[in-house]
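# An overview of the molecular structure
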Amino acid sequence: MFGICILSIVPVRKEPSDASEMVTQLLFGDTFCILETTKKWIRIQITFDQYEGWIDRKQFQEISVNDFQALQNSEAIYNAEYIDFVSNTSHTTIPIPIGAEVGWLQMPNLNTKDWNFDGNKIVGLNNKSQLVKIAMQYLNAPYLWGGKTPFGIDCSGFTQMVYKINGYSLLRDASQQANQGEALSFIEESEPGDLAFFDNEDGKIIHVGILLQDNYIIHASGQVRIDRLDHLGIFNQETNRHTHRLRVIKKLI
């Protein structure tokens, strides 16, 4: 069984309970495989990054195998604005965040109830300058564990969404993303759009951000913010100290 998210944002939880930790989110248009069902909850595997978790059974639309396969074979089209709306012929609207998938609304076989999207779209593979442009749209978004939107986002959700919108696949967690791409030996080899990863005292990757020009980095820590980056890590000029210890810089594009 397969499903598609038909709401703006749906929390994906670690356990089948409203009180359980949110581990990630579905955005409008995200598809998934249904792994298990209960009376109130379904356990899913998200198509894009294979992440698993639980969502409320009332918060999705089931789709056929043929429709699911057709969606996987079609080119992804994303909302390019900070927030926009889809509407239908009954004048009902749904707000959708940047990165929501809107291409499926054009597929006649899906029961989209005449939903339409007239906003700005982004499609295909884009270069690194576009990565930085999209990243800046999330500036000042509050930190939210498991979040993936400008209204709440975590560090790896931020990097994943920026890359996803520009046509590239990143896994969900920072520790997973650190296994992707080519490691660089020095900061001087990096370019804006590359990823920097940071570890804790046990050597575990716990943080990630996107490099900017002139040794700056944009990352989600308290909020999406811009800080200095040097060979030791992220230097917060407000507190006059390093907040994250640099482990590795990766080039994916």
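In the block above lies the structure referred to throughout.
Summarised in this report is the structure supplied together with it. (Residues numbered from 1 in each chain as written. Predicted model: local features only at pLDDT ≥ 70, side-chain atom pairs only at ≥ 80, totals over all residues. Heavy atoms only, no water.)

### Quick notes on the packing of aromatic side chains
Two aromatic rings, taken as a pair, are described by how far apart their centres are and by the angle between their planes. Heads up, the rule is: Whether two aromatic rings pair depends on their centres lying within 6.5 Å, for rings of Phe, Tyr and Trp, where Trp uses its six-membered ring; planes under 30 degrees apart make the pair stacked, over 60 edge-to-face, and the rest tilted. Counting from the N terminus, the helices are DSSP H or I runs at least four residues long and the strands are E runs at least two residues long. Burial here depends on accessible area, computed with a 1.4 Å probe over protein chains only, as a share of the maximum for the residue type. Under 20% is buried, over 50% is exposed, and the range in between is partly exposed. A ring is considered to have a charge above it if a Lys NZ or an Arg CZ atom is located within 6 Å of its centre and within 35 degrees of its normal.
Overall, the coordinates contain 6 aromatic pairs when judged by the stated rule. Note on Phe2 and Phe68: the rings are 4.0 Å apart at their centroids and 20 degrees apart in plane angle, and the pair reads as stacked. Of the two residues, Phe2 sits in strand S1 (residues 2-4) while Phe68 sits in helix H1 (residues 65-73), which places them 66 residues apart along the sequence. For the residue pair Phe2 and Phe68, the accessibility class agrees, reading buried in each case. Sitting over the ring of Phe48, Lys164 keeps its end group 4.7 Å from the ring centre.

### Section: the pattern of salt bridges
Rules: Salt-bridge detection follows one rule: a side-chain nitrogen of Lys or Arg within 4 Å of a carboxyl oxygen of Asp or Glu.
Under the defined criterion, the tally for this structure stands at 14 salt bridges. Salt-bridge contacts for Lys128 lead to Asp194; the nearest nitrogen and oxygen are separated by 2.6 Å. Taken together, the residues Lys128 in helix H2 (residues 128-137) and Asp194 in the loop between strand S14 (182-184) and strand S15 (195-199) connect sequence positions 66 residues apart. The buried category is assigned to Lys128, whose relative accessible area is 11%. With a relative accessible area of 0%, Asp194 lands in the buried category. Lys251 serves as the salt-bridge partner of Asp194, at 3.3 Å between the closest nitrogen and oxygen. A residue pair is termed long-range when its members are at least 10 positions apart, and Asp194 in the loop between S14 and S15 and Lys251 in strand S20 (residues 241-251) qualify at 57 residues. The class for Lys251 is buried, based on a relative accessible area of 18%. One salt-bridge network, in which partners are shared between bridges, spans Lys128, Glu191, Asp194 and Lys251.

### Some thoughts on the layout of surface pockets
What counts here: Only protein atoms enter the 1 Å grid used here, on which a cavity is any set of points holding a 1.4 Å probe that cannot leave and a pocket is any open set flanked by protein within 12 Å on both sides along at least five of seven lines; residues with an atom within 4 Å of a point are listed as lining. Grid points are joined across faces, edges and corners, and a volume is the space filled by probe spheres set on the points. Residue type decides the class: Asp, Glu, Lys and Arg count as charged, Ala, Val, Leu, Ile, Met, Phe, Trp, Tyr, Cys and Pro as nonpolar, and the leftover types, Gly among them, as polar.
Volume-wise, the largest pocket comes out at about 460 Å³. Lining the largest pocket are 21 residues; nearest its centre among them are Leu71, Ser74, Ala76, Tyr78 and Glu101. Classifying every residue of the lining of the largest pocket by side-chain character gives 8 nonpolar, 9 polar and 4 charged. The space that makes up the second largest pocket amounts to roughly 390 Å³. Taken together, 19 residues form the lining of the second largest pocket, with Trp145, Ser156, Asp173, Ala174 and Ile206 sitting closest to its centre.

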